[in-house]
There are 2 protein chains.
Amino acid sequence: MKINVLGTGQVGRALAAGLAAVGHEVAVGTRDPAATLARTEPDAQGTPPYARWQEEHPDVRLVTLAEAGADAELLVNATSGSASRDALAAAGVGERDGLVVLDVANPLVFGADGLSLSVANTDSLAETLQRAFPAARVVKALNTVNSAVMVDPARVPGQHVMFVAGDDAAAKDTVTGLLGELGWAGRVLDLGGLRAARGMEMYVVLWWYAARAVGTFDLNVTVEHAATAPPTASRT
Amino acid sequence: MKINVLGTGQVGRALAAGLAAVGHEVAVGTRDPAATLARTEPDAQGTPPYARWQEEHPDVRLVTLAEAGADAELLVNATSGSASRDALAAAGVGERDGLVVLDVANPLVFGADGLSLSVANTDSLAETLQRAFPAARVVKALNTVNSAVMVDPARVPGQHVMFVAGDDAAAKDTVTGLLGELGWAGRVLDLGGLRAARGMEMYVVLWWYAARAVGTFDLNVTVEHAATAPPTASRT
C-alpha cells in the first residue's frame, strides 16, 4: 500500500521505517523538506537530524505535506497534537474523499505540574480532526505506546494490547491489518466509535506516570477480564 | 483498625463488607441514617435498599457522617464524586489532623455522548479533596476497578494491578497494607504523589470503553514493561 506519514520526529520515523520494512511504499511528509534536510543538530528532544536518518532509509522519500496527501492510499498523522490540524489541512485531506487517516498523535502539554492534554474529557484530538475533515475516515491507534513499541511490540513482554477506535468499520479493518503487520496480530481491541479515542488519549496520562514509576517507557497494558458469554468483542 | 466508609452505595457496601471480613471494625457513614434505613425500593442504579444489606451485615453499623468522621482511624471516601467534598466536610475531616482518607471515588458524568469527568486533566478529584482538607492525608486507590473487584481481585484473571498515589508515604503504606488484606498483595504500583491521581481518574474513561468492548466490568489491566536497571519501583 502507498502509505505516507506526516511528521519527521521520532514517531514519524519509527512508523515510516516499520511500514517500509514490511513492504509498503512509504514517504514522509513535512512542511519544508529542504529545511528539514538542512538541519545538522539534534532537535529539542534530542532526536538526531533527519538527514542522518534519511541516509539509513534511502527507500523512504521526504516530500511536502501536499505531496504526501495527494497520493497516499493511507495517511498517518504522526505530527504533534498542536500541529495536527494544520498539517492535515496542508496535506489536502479535505479534498480526499474517504481517505483513511491513522491518527497516532497525542495532544500533549508538558507543564510545570506534569503532563496534561490540550483537548480531553468531552472531546479528543481524533474527533477534532474528524470534524475538521469530515470526508476523511479517522482511525485512532498506536497513541498508547512509545514509538519503539509501536513497530516492535515484542520490546514489551506479555500479551499487551493495542486499542483502536473509529467510526468507519472498513477503515478500522484496514488499520487492524496494518497493525498485524507491525506485530500486533491477535492483540487489537476495538473500542468502538471514534469517541472512544477520548479514553485512549486520556489513558496516556496514566501511562506517563506508570512509565516513570517502573523506570521505562517500553511499557504497555494487557486487558484482563472475567469470562463473558457471548464471547468477547476483542478482535484479532 | 477502626475504618469508617462514607457512602451507602454499591462501592461503600462492598468496601465495608470486605474490610469487616478481614477483621476491621467498620461503620458506614451517611447523611441521614434513618432515611437511608427507611428506603424500601432499589435506587436509580438498581442497588437494593440499604436495610436489606444491613440485615446481612449486622457487624457494620450505620452512623452519621459526623460520627463516621469523629472516630475513624482511616476514612474511606466511597461517595459519588460530586458529593465527596460536602460529605468530607460533614464528616469533620477538616478538624482531624493527619487523618488518612482513602479516596476511591470518581468524578463521573454520564452524558448523552458517553462518560466524562467533572474534573480532569489539570486537576483531579483527589487533589481537590486534598486542597479542601489540607490536614488530611489523601491517598487515591481502588478507583480503577468496579466494586466487586475492589474486594475480590481474583474475579479477574492474571496479575492485574492496583495503582496508588498520595503525597504522604506513611499514609500510602497504610493503604497499601489494607489493599494487601483485600487481595492486592504484590499487585500494588505506587505512581508517586497525589498528582498522579489525574492519570488514575482519567484512565477510568478507557476502562469504561474497554469494559463495553469485552462485555464485562470485571476487568483490569496488567502493566507489562521491558526490564529496567535498577529494579522497578513497583511496591508489594
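Since the model is a prediction, treat every value here as computed from it, not as a measurement.

Q: If you had to explain the pairing of strand β1 (residues 2-6) of chain A to someone new, which residues and values would you point to?
A: Residues and elements named next belong to chain A. A large share of β1 lies buried, amounting to five of its five residues. Alternating positions in β1 separate into two faces, Lys-2, Asn-4 and Leu-6 on one and Ile-3 and Val-5 on the other, with burial throughout. The sheet contact formed by β1 and strand β2 (residues 25-30) spans five bridges and is parallel. The residue bridging Val-5 from the neighbouring strand is Val-28, located in β2. Handedness of the crossover is the feature at issue here: the chain leaves β1, passes through helix α1 (residues 10-21), returns alongside β2, and the resulting connection is right-handed.

Q: I'd like a rundown of empty space enclosed by the protein, residues and numbers included.
A: All names here are of chain B. One pass over the full model with this rule turns up one cavity of 30 Å³ or more. Its volume calculated, the largest cavity comes out at about 30 Å³. Along the walls of the largest cavity sit Leu-19, Leu-102, Leu-142, Val-175, Leu-178, Leu-179 and Leu-182, which together make up its complete lining. Per element, the largest residue contribution to the lining of the largest cavity is four residues, and it comes from helix α8 (residues 169-184). The class makeup of the residues in the lining of the largest cavity is seven nonpolar, no polar and no charged.

Q: Describe the sheet that holds strand β3 (residues 61-64) of chain B, with residues and values.
A: Residues and elements named next belong to chain B. With mixed pairing, eight strands are arranged side by side in an open sheet as β3-β2-β1-β4-β5-β8-β9-β10. Unpaired on one side and paired on the other, β3 and β10 (188-190) mark the two borders of the sheet. Averaged over all neighbouring strand pairs, the angle between strand axes comes to 25 degrees, with direction disregarded. The sheet strands contacting helix α6 (residues 125-132) are β4 (74-77), β5 (100-103) and β8 (137-141), and the helix crosses β8 at an angle near 170 degrees.

Q: Requested: an account of the environment of Thr-176 of chain A, with residues and values cited.
A: Residues and elements named next belong to chain A. Positionally, Thr-176 belongs in helix α8 (residues 169-184). Owing to a relative accessible area of 11%, Thr-176 belongs among the buried residues under this scheme. Expressed as a C-alpha distance, the spacing of Thr-176 and Asn-106, which sit 70 residues apart in the sequence, is 19 Å.

Q: Let's hear about the interface of chain B and chain A: which residues, and what values?
A: Every contact between the two is made by 43 residues of chain B and, on the other side, 43 residues of chain A. Surface buried jointly by chain B and chain A totals about 3,600 Å² across both partners, of which 66% is contributed by carbon and sulfur atoms. Summed over the three residues of chain B that lose the most area to chain A, namely Leu-206, Tyr-209 and Glu-224 of chain B, the buried surface amounts to 17% of that side. With its nearest N and O atoms 3.1 Å apart, the salt bridge here joins Asp-113 of chain B to Arg-198 of chain A. Going through the elements one at a time, β7 (114-117), β10, α9 (197-214) and β11 (219-225) of chain B are the ones with two or more residues in the side of chain B that touches chain A. Of all the elements, α9 of chain B adds the most residues to the side of chain B that touches chain A, at eleven residues. Its residues assigned to classes, the side of chain B that touches chain A comprises 24 nonpolar, twelve polar and seven charged. With seven bridges connecting them, strand β11 (residues 219-225) of chain A and β11 of chain B associate as antiparallel partners. By the bridge assignment, Val-223 of chain A is partnered in β11 of chain B with Val-221 of chain B.

Q: Give me the nonpolar core: which residues, what numbers.
A: Grouped together as the largest cluster of nonpolar side chains are 50 residues, with contacts concentrated most on Phe-163 and Leu-191 of chain A together with Phe-163 and Leu-191 of chain B. When residues of this core are traced back to their parent elements, those giving at least two are β7 (114-117), β9 (162-166), α9 (197-214) and β11 of chain A together with β7, β9 (162-166), α9 and β11 of chain B. Not counting residues up to four positions away in its chain, the partners in contact with Phe-163 of chain A are Lys-140, Ala-141, Leu-142, Thr-144, Leu-189, Leu-191, Met-200, Val-221 and Val-223 of chain A together with Leu-206 of chain B. Counting 35 residues, the second-largest nonpolar core is a separate cluster that includes Ala-16, Leu-102, Ala-141 and Val-145 of chain B.

Q: Please set out α8 of chain B residue by residue, giving values where relevant.
A: Residues and elements named next belong to chain B. The end-to-end C-alpha separation of α8 is 18 Å, well short of the 22 Å expected for 16 residues at 1.5 Å each. Taken together, the buried positions of α8 are Ala-171, Lys-172, Val-175, Thr-176, Leu-178, Leu-179, Leu-182 and Trp-184. Projected onto a plane normal to the axis of α8, the buried residues spread over an arc of 165 degrees and lie on a single side. At the N-terminal end of α8, a side-chain oxygen is found 3.1 Å from the backbone nitrogen of Ala-170, two or three residues along, and the residue is Asp-168. In the stretch just after α8, Gly-186 is the one whose phi turns positive, near 80 degrees.

How each quantity is defined
Residues numbered from 1 in each chain as written. Chains lettered and ligands numbered in written order. Predicted model: local features only at pLDDT ≥ 70, side-chain atom pairs only at ≥ 80, totals over all residues. Heavy atoms only, no water. Buried < 20%, exposed > 50% of the residue type's maximum accessible area, 1.4 Å probe, protein only. Helix = DSSP H or I, 4+ residues; strand = E, 2+ residues; numbered from the N terminus. Pairing = 2+ DSSP bridges. Right-handed = clockwise from strand over helix to strand, strands pointing away. 1 Å grid on protein atoms, 1.4 Å probe; cavity = no way out; pocket = protein on both sides within 12 Å on 5 of 7 lines; lining within 4 Å. Points joined across faces, edges and corners; volume = space filled by probe spheres on them. Nonpolar A, V, L, I, M, F, W, Y, C, P; charged D, E, K, R; others polar. Axes fitted to C-alpha atoms, helices over the stretch in contact; angles between N-to-C directions. Contact = heavy atoms within 4.5 Å. Buried area = accessible area lost by both parts, 1.4 Å probe. Salt bridge = Lys/Arg side-chain N within 4 Å of Asp/Glu carboxyl O. Core = buried A, V, L, I, M, F, W, Y, C linked by side-chain atoms within 4.5 Å. Expected span 1.5 Å × (residues − 1). Arc of directions from axis to C-beta. Polar contact = N/O pair within 3.5 Å; in protein donor to acceptor, adjacent residues only side chain to side chain.

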